[in-house]
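Here's the letter readout for the chains.
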Amino acid sequence: MFPQRCLSSRPATNWRPTADQDEQRALLVCSALLRPRSPPPISAQRRLLPSRRYLSPAPLPITNSWSKRAPGLSMAEETETEKQLFSPSDVSLHASTKDCWVVIHGKVYDVTKFLEDHPGGEDVLLHASASGDATEAFEDVGHSTSAISMMSSYLIGSIEDFVPPSATKDATVGGSDVLPDSRTMKRNKGSPAPNTFLDFVLPLCMLVLAFVAWYYLTFVAES
Ligand code: HEM
């Protein structure tokens, strides 16, 4: 550390640090700034999370950021983790407080260590685990982006032969995310506009009424 002698033996007013002392001090400051910090414990992270009661629900990002890399894993390691394949029946064997896996978007997360810390409570996770696929329940809650980035730390693999819901869409839309146009709807479900008749007749009636009023005021009332 900084030599005590330098602080005490010389009067503070005249004292100037030597080049060596300057260098030593700069090194100390740099090493303090560059020292890697360990992440805060989960309970502290929870305190840092914004209270969702006072925020309007933010839409989830369109990118599927639940597959973001875990801080401790390299991209190759995470890809390896995702390659671990489980069948739905494998997952169903892990639905207890001592061993709890959940499936979200075809990925398998071991949330056993997170049960106690989960802000939504351990019961919801246990229930989601027992349900087989927790995707819908997870999305319904509208988890924050920080929640989504936490997920990668619990990722242990993927569901084998997982088919994302968009791939099972109606073939007439080509499996894309595009909404069907009115012609496609007409083909599939019959007339999409049951009030077409009213849409046409009402403006016509108003036009006739306006004409009659104009005619009456212009010609009949004057005579
Ligand atoms: C690895 C999986 C999960 C992680 C890392 C996670 C993380 C979190 C976090 C950090 C919060 C605090 C609020 C926020 O930041 O959004 C939260 C809240 C919550 N989560 Fe999860 N969650 C997971 C899975 C689930 C699942 C499967 C459900 C099933 C229903 C669920 C239900 C809830 C509920 C009900 C809340 C409370 C929402 C509120 O207070 O408004 N979570 N979760």
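An unreviewed UniProt entry lists the chain under the name Cytochrome b5 heme-binding domain-containing protein, with Triticum aestivum given as the organism. What UniProt records for the chain under Subcellular location (unreviewed entry) is the sentence "Membrane". Per its UniProt entry, the chain bears the Sequence similarities (unreviewed entry) comment "Belongs to the cytochrome b5 family."

Turning our eyes to something else, we now look at the packing of aromatic side chains. Evaluation of the coordinates by the stated rule reveals 6 aromatic pairs. Members of the aromatic cluster, each reached through a chain of ring pairs, are Phe 211, Trp 214, Tyr 215 and Phe 219.

Okay, the coordination of the iron atom of the ligand next. Distances from the iron atom of the ligand to its protein donors, His 118 (NE2) and His 143 (NE2), fall at 2.0 to 2.1 Å. Of note is the iron atom of the ligand, whose 6 donor atoms meet at the metal with angles of 84 to 179 degrees in an arrangement that counts as octahedral. In this pair, His 118 is assigned in the loop between β4 (107–110) and α6 (122–130) and His 143 in the loop between α7 (135–141) and α8 (145–150), connecting sequence segments 25 residues apart. The pair His 118 / His 143 is uniform in exposure class, with both members buried.

Counting residues in each nonpolar core, the largest one holds 17 residues, and the members touching the most others are Val 102, Ile 104, Tyr 109, Val 111, Phe 114, Met 151 and Tyr 154. Grouped together as the second largest cluster of nonpolar side chains are 6 residues, Trp 101, Val 103, Val 108 and Ile 159 included.

Moving on, we come to the pairing of β4. As paired strands, strand β3 (residues 99–104) and β4 are joined by 4 bridges and run antiparallel to one another. Paired with Val 102 across the two strands is Tyr 109, which belongs to β4. Hairpin connection of β3 to β4: 2 residues between the antiparallel strands, including His 105 at a positive phi of 50 degrees.

Scoring rules and cut-offs
Residues numbered from 1 in each chain as written. Predicted model: local features only at pLDDT ≥ 70, side-chain atom pairs only at ≥ 80, totals over all residues. Heavy atoms only, no water. UniProt positions renumbered as here; feature names shortened; annotations may be inferred. Phe/Tyr/Trp six-rings, centres within 6.5 Å; stacked < 30°, edge-to-face > 60°. Donors = N, O, S within 2.8 Å, 3.2 Å for Na, K, Ca; no water. Tetrahedral: all angles 85-135°; square planar, octahedral: opposite > 155°, others 65-115°. Helix = DSSP H or I, 4+ residues; strand = E, 2+ residues; numbered from the N terminus. Buried < 20%, exposed > 50% of the residue type's maximum accessible area, 1.4 Å probe, protein only. Core = buried A, V, L, I, M, F, W, Y, C linked by side-chain atoms within 4.5 Å. Pairing = 2+ DSSP bridges.

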